[in-house]
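# Coordinate analysis (summary)
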Amino acid sequence: RSGINAEWPLRPGNSLDISVISEMKFLIGVCLLISQVAGGPPAEWSCKSLSQTRGSLPSCVLSAKASNDVWYITTQKDASQSGSYMCSVPITGAGVVDTADFYLQGSFDSPTDMSFAGISFNTDSSSSGNFIYFRLKSPAPSNNFVLGNMQRGITQTQKNFDATAVQSGRINFEIQFEDNNLEVYLNGVRHSLASNYQPYYTEAGAFNIISANFRGANYKVSGLKVCTPVICIAPDGSSIKGGDSYTDSDGKKCTCKASGQMECVCDIPSSPCPGGTTRWTDPETCESKCVRGPQYCRSSGDPHYKSFDGKYYDFHGKCTYQAASCGEFEVYFKNYDLIGRAPRYTGRIELKFNGEVFSIENNYVAKVNGQQVQVPYVKTYTNGDRVEIINNGQLEIRLYNKGRNPSVRLRANNAGRYINAEMWLHGSCADLTEGLCGNFNGNPNDDLIQNNPNVHGETYKEYDESCPAPPKPYHPCDDIDNGHAQAEEICSVIKGSPFNQCDVDVGSADGGPLKDCMTDVCYCFIDKSCACDTLDGYATACLNKNPLLGDVKNWRNKITFCPLECPAGLAYQAEAPVPQPTCLNKNPKQEGTERGCFCPAGKLLQDGVCVDADQCKCIHEGVFYKTGDKVKKEKSTDCDSALIPLLPFDG
């Protein structure tokens, strides 16, 4: 522009006079105006296409047809009317209702010069309303864009504006009229002067495509769409406009959605959480807090327990005991007496949720309410809560509820006559859980009631027909000549490769993983294979801290006396992708790797058997059905071998 220093941009030592500063202010103002781009209709308004005529057409309209959201309109001058008369095509669309507030968008296109075409809005049945029209392909940019009002089709007042974009003969426009405030956008840019115009008519009305009666016109209108606010009824009976919201007594932000229904969700704080924690919000109560990652508890071997906080202890009760709890669910470990004396072994994990009992047992048995079911088993409740029993190398139960992914993950590592039970509990359960696995408060020293394993275990005894008190603890190596030394020599592998990469304390002969290993070996009369349960549990604890230690995943290759026997047709893999492909989910999205028994590549797991895809059966909630069968639930479900995807886990 003239007046801007020829040395622009400024170099050191150049001066800038006041006239240039004025030019800069002008340019900055223009840039700010152009940057105000329309954002489309308000959120949660209901949008409809305007593609139908409404009522009869006046004689000035030669033709008005809509095809694929494009109107083709031809008009002629009505000699009986003055030049200030507006030739109107009344328009509507499926589901369109008259409303005072609206958002309207579309584009005008004219092949001829000086076509006067536009839209009337808030228009009543006598063609009285507001209008906006354009002098398409006008020779000059001035006074080619008009806002005004008409009564019975006759222009009453109008205000002219300049709009360079109209000269091309095509103009995209957006109009929003809400709470008596007008916003106008041309080609995506807010027209600030037009947006300050105050329309005369503010009551609910309809829309017309209009053209001036100076002469005939030939033009098209594309993409006409009107969006209007829906009205929702709040629980107290009040009316809420679409997109508006309020906070209810539970702290939830309730928003009127385009469906006409209120949707209440928690207003999650934006503040960051400290390192090592993530934010979790209870979708029911909106309680929001920073929580630790899932914590790990296990029962292995004879059995030895490791609490969430890292407390190691032995407990030889042979009943069913609560291992953990968190509000609406509890987890139980069932112990068995296999040899008529200590040690005892864990044989079953139970999840109690929503009045049902889901369990996994030794020998890859899954049950729901005591009845054996096929795996994978998926139960989805009407509120979105979900329970899965799957085989990811070993049987697992996962519960998804309250926005937790998952709330708890349970794994039964099969050992023939018993299992090594593992649990990962969501961080939101910290300080709330009770049971054999402790209180999850970060302090291992307060995990046991009276710091006594037997007192603690008996406190959480659940039920059984015959459930005697547990024996007093003793060390089986005391009964074997040189038993402690022999067992420690076998179990010392936990201190060597590949376990020496782990950031997990191995303990000593007096406590921790090393003692657990020695106890198991002595119960087996110095059989080294009895060390494997502890070694596998130690590997899991290690990988919980660092899942990238591939050598630890492959520890059975190094410790050759610990092969894992798998069911026929399956083979042990140290790093198999999970979830494992099944007939229910043939191509799952990989979420990680796991150790266990898996099908060969190309085969699908169906209830513990590896099959080809054409051998798959239809399964619903753990029951097989024939193709074409229907399951009568809340809704009729056709059996079409449909896939029901399994949810990922973050524990």
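Conventions used here
- Residues numbered from 1 in each chain as written.
- Predicted model: local features only at pLDDT ≥ 70, side-chain atom pairs only at ≥ 80, totals over all residues.
- Heavy atoms only, no water.
- Helix = DSSP H or I, 4+ residues; strand = E, 2+ residues; numbered from the N terminus.
- Rg over C-alpha atoms; globule rule 2.2 N^0.38 Å.
- Buried < 20%, exposed > 50% of the residue type's maximum accessible area, 1.4 Å probe, protein only.
- Contact = heavy atoms within 4.5 Å.
- Areas by Shrake-Rupley, 256 points an atom, 1.4 Å probe, with all protein chains shown as cover.
- Lys, Arg positive; Asp, Glu negative; His and termini not counted.
- Charge placed at Lys NZ, Arg CZ, Asp CG, Glu CD.
- Pairing = 2+ DSSP bridges.
- Axes fitted to C-alpha atoms, helices over the stretch in contact; angles between N-to-C directions.
- Left-handed = near helix turned anticlockwise from the far one by under 90°.
- Nonpolar A, V, L, I, M, F, W, Y, C, P; charged D, E, K, R; others polar.
- Disulfide = S-S within 2.5 Å.
- Arc of directions from axis to C-beta.
- Core = buried A, V, L, I, M, F, W, Y, C linked by side-chain atoms within 4.5 Å.
- Expected span 1.5 Å × (residues − 1).
- Salt bridge = Lys/Arg side-chain N within 4 Å of Asp/Glu carboxyl O.
- Polar contact = N/O pair within 3.5 Å; in protein donor to acceptor, adjacent residues only side chain to side chain.
- Phe/Tyr/Trp six-rings, centres within 6.5 Å; stacked < 30°, edge-to-face > 60°.
- pLDDT = per-residue confidence, 0-100.

### Some details on the overall build of the chain
The helix and strand inventory of the chain stands at eight helices and 44 strands. For the chain, the C-alpha radius of gyration of 37 Å lies well beyond 26 Å, the compact-globule estimate for 651 residues. Expressed along its principal axes, the backbone C-alpha trace of the chain runs to roughly 120 × 80 × 50 Å. Counting every position in the chain, which comprises 651 residues, the buried fraction comes to 48%. A separation threshold of at least 6 residues defines the contact pool for the chain, and within that pool the share at least 24 residues apart is 56%. Total accessible area on the chain is roughly 30,200 Å²; 48% of this is exposed by carbon and sulfur atoms. Charged side chains of the chain number 60 positive and 74 negative; the gap between the two group centres comes to 6 Å.

### Observations regarding the sheet that holds strand 19 (residues 252-256)
Taken in spatial order, the three strands of this open sheet run 18-19-20, and their pairing is antiparallel. Taken across any chain shown, the strands that pair with only one partner, and hence form the sheet edges, are strand 18 (245-247) and strand 20 (262-266). Geometrically, the sheet is characterised by an average inter-axis angle of 25° between neighbouring strands, direction not taken into account. Pairing between strand 19 and strand 20: five bridges, direction antiparallel. If you follow Thr-255 over to strand 20, its bridge partner there is Glu-263.

### Describing the packing of helix 4 (residues 483-491) against helix 5 (residues 513-523)
In the contact formed by helix 4 and helix 5, the axes pass within 9 Å of each other and the chain directions differ by 115°. In the packing of helix 4 onto helix 5, the handedness of the crossing is right-handed. Residues Gly-483, His-484, Ala-487, Glu-488, Ile-490 and Cys-491 of helix 4 lie in contact with helix 5, whose contacting residues are Leu-514, Cys-517, Met-518, Val-521 and Cys-522. Residue composition of the contact of helix 4 with helix 5, by class: eight nonpolar, two polar and one charged.

### Topic: the state of the cysteines
Tallying each qualifying case throughout the model produces 17 disulfides. Across a sulfur-sulfur distance of 1.9 Å, Cys-532 and Cys-562 are joined as a disulfide pair. Taking the sign of the S-S torsion, -90° for the link of Cys-532 and Cys-562, the bridge is left-handed. Of this pair, Cys-532 sits in helix 6 (residues 532-545) while Cys-562 sits in the loop between helix 8 (555-558) and strand 37 (571-578), and the two are 30 residues apart along the sequence. Of the two residues, Cys-532 and Cys-562, neither departs from the other in class, the shared state being buried.

### Considering helix 4
Every buried residue of helix 4 is listed here: Gly-483, Ala-487, Ile-490 and Cys-491. One side of helix 4 holds all its buried residues, which, seen down the axis, span an arc of 90°. Looking at the buried positions of helix 4, the neighbouring elements they touch are helix 5.

### Details of the nonpolar core
The tendency in soluble globular proteins is for nonpolar side chains to be buried side by side. One finds Phe-329, Val-331, Phe-333, Leu-351, Phe-358 and Met-423 to be the most contacted residues of the largest nonpolar core, which totals 43 residues. In terms of nonpolar packing, the next biggest core, distinct from the first, is built from 40 residues, Cys-87, Phe-134, Leu-182 and Val-184 among them.

### Things to note about helix 6
When the terminal C-alpha atoms of helix 6 are compared, their 20 Å separation across 14 residues agrees well with the 20 Å that a helix rising 1.5 Å per residue should span. Most of helix 6 is tucked away, with 12 of its 14 residues classed as buried. Cys-532, Asp-533, Thr-534, Leu-535, Asp-536, Gly-537, Tyr-538, Ala-539, Thr-540, Ala-541, Cys-542 and Leu-543 are the residues of helix 6 that are buried.

### A closer look at the environment of Ser-67
As for its placement among the helices and strands, Ser-67 is situated in strand 3 (residues 61-67). Sequence spacing of Ser-67 and Glu-284 is 217 residues, and the spatial spacing of their C-alpha atoms is 48 Å.

### Topic: unusual backbone geometry
Cis geometry marks the peptide bond from Asn-405 to Pro-406; its omega dihedral reads 0°. Structurally, Pro-406 is set in the loop between strand 34 (395-400) and strand 35 (408-414). Geometrically, the link from Ser-497 to Pro-498 is a cis peptide bond, its omega value of 5° lying close to zero. Inspection of the secondary structure assignment puts Pro-498 in the loop between helix 4 and helix 5. For Asn-122, which is not a glycine, the phi torsion comes out positive at approximately 50°. Relative to the assigned elements, Asn-122 resides in strand 7 (residues 115-123).

### Comments concerning the pattern of salt bridges
Within this structure, the stated rule accounts for 28 salt bridges. For Glu-287, the salt bridge goes to Lys-289, with nearest N and O atoms at 3.9 Å. For Glu-287, a relative accessible area of 40% gives the class partly exposed. Close ionic contact of Asp-337 with Arg-344 constitutes a salt bridge, the shortest N to O distance being 3.3 Å.

### Re the side chain of Asn-392
Structurally, Asn-392 can be placed in the loop between strand 33 (386-391) and strand 34. Engagement of the side chain of Asn-392 in a polar contact is seen with the backbone nitrogen of Gln-580, the distance being 3.0 Å. Contact partners of Asn-392, with chain neighbours within four places excluded, come to Arg-398, Arg-411, Val-578, Pro-579, Gln-580, Glu-594, Arg-595 and Phe-598.

### Things to note about the sheet that holds strand 5 (residues 86-92)
Spatial ordering of the open sheet is given by 2-5-14-7-8-9-10, a layout of seven strands whose pairing is antiparallel. Looking at which strands have only one partner, the edges of the open sheet turn out to be strand 2 (52-53) and strand 10 (154-161). As defined by bridge partners, strand 9 (residues 145-151) adjoins strand 10 across seven bridges and the pair is classed as antiparallel. Looking at strand 10, one finds that Val-146 is bridged to Asn-160.

### Structural notes on the packing of aromatic side chains
By convention here, two paired aromatic rings are described through the distance between centres and the angle between planes. With the rule as written, the count across this model stands at 24 aromatic pairs. Centre to centre, the rings of Phe-353 and Tyr-381 are 5.6 Å apart; their planes meet at 80°, and the pair counts as edge-to-face. Of this pair, Phe-353 sits in strand 28 (residues 345-353) while Tyr-381 sits in the loop between strand 32 (377-380) and strand 33, placing them 28 residues apart in sequence. Of the residues examined, Tyr-381 reaches a relative accessible area of 13% and is grouped as buried. Judged by centre distance (5.9 Å) and plane angle (45°), the rings of Phe-499 and Trp-555 are tilted. Taken as a pair, Phe-499 in the loop between helix 4 and helix 5 and Trp-555 in helix 8 lie far apart in primary sequence, 56 residues in all.

### Overview of the confidence of the model for the chain
For the chain, the average pLDDT comes to 86, and 90% of its residues sit at 70 or higher. Considering only residues more than four positions removed or in separate chains, one finds that residues 1-37, a stretch of pLDDT under 50, has 28 contacts. Within the model, pLDDT remains below 50 along residues 635-651, and this stretch shows 52 contacts once partners closer than five positions in the same chain are excluded.

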